[in-house]
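Each chain, written out:
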Amino acid sequence: MGCGCDKGSMAARTASGAPVRTLFRVVLDGGKGKVAFQTHNPVTARAVAKNYPGSIVEPDPDAASGEVATAST
């Protein structure tokens with residue numbers, strides 16, 4: 001019997017079939033400053049944000065707009 005790991009997964013997929021991954025950013029100065037760190041793991045982003053007082057964790061708005069690149073050859 002085959003593996004059922006992905007059974008019932010209704011996660012969004014990119015055009016290439018890869019799952020869509022959200023990029024989380026740690027932004028300084030309450031979201032108005034520079035991006036200090038980026039990761040696809042929200043737990044890691046929250047852990048890093050604790051090292052920067054006043055920082056926030058937010059999903060990357062540019063990545064959410066569809067960063068699927070197509071090769072033009």
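Quantities reported herein were computed from a predicted structural model and do not represent experimental measurements. (Residues numbered from 1 in each chain as written. Predicted model: local features only at pLDDT ≥ 70, side-chain atom pairs only at ≥ 80, totals over all residues. Heavy atoms only, no water.)

**A few points about the confidence of the model for the protein**
Taken as a whole, the protein shows an average pLDDT of 80; of its residues, 67% reach a score of 70 or greater. The lowest-confidence element of the protein is helix α2 (residues 61-64), averaging 74 in pLDDT; the highest-confidence one is helix α1 (residues 42-49), averaging 97. (pLDDT = per-residue confidence, 0-100. Helix = DSSP H or I, 4+ residues; strand = E, 2+ residues; numbered from the N terminus.)

**Notes on unusual backbone geometry**
Although it is not a glycine, aspartate 29 sits at a positive phi angle of roughly 55°. Structurally, aspartate 29 can be placed in the loop between β1 (24-27) and β2 (35-39).

**Focus on α1**
Of all the residues in α1, the buried ones are Ala45, Val48 and Ala49. One side of α1 holds all its buried residues, which, seen down the axis, span an arc of 100°. If you follow the buried residues of α1, they end up packed against β1, β2 and β3 (56-59). Two or three places before valine 43, at the opening of α1, asparagine 41 has a side-chain oxygen 2.9 Å from that residue's backbone nitrogen. (Buried < 20%, exposed > 50% of the residue type's maximum accessible area, 1.4 Å probe, protein only. Arc of directions from axis to C-beta. Contact = heavy atoms within 4.5 Å. Polar contact = N/O pair within 3.5 Å; in protein donor to acceptor, adjacent residues only side chain to side chain.)

**So, the pattern of salt bridges**
According to the stated counting rule, one finds 2 salt bridges in the structure shown. Put simply, arginine 25 and glutamate 58 hold a salt bridge, and the shortest N to O gap is 2.4 Å. With arginine 25 in strand β1 and glutamate 58 in strand β3, this residue pair connects regions lying 33 residues apart in the sequence. Arginine 25 serves as the salt-bridge partner of aspartate 60, at 3.8 Å between the closest nitrogen and oxygen. Taken together, the residues aspartate 60 in the loop between β3 and α2 and arginine 25 in strand β1 connect sequence positions 35 residues apart. What emerges from the salt-bridge pattern is a single network uniting Arg25, Glu58 and Asp60. (Salt bridge = Lys/Arg side-chain N within 4 Å of Asp/Glu carboxyl O.)

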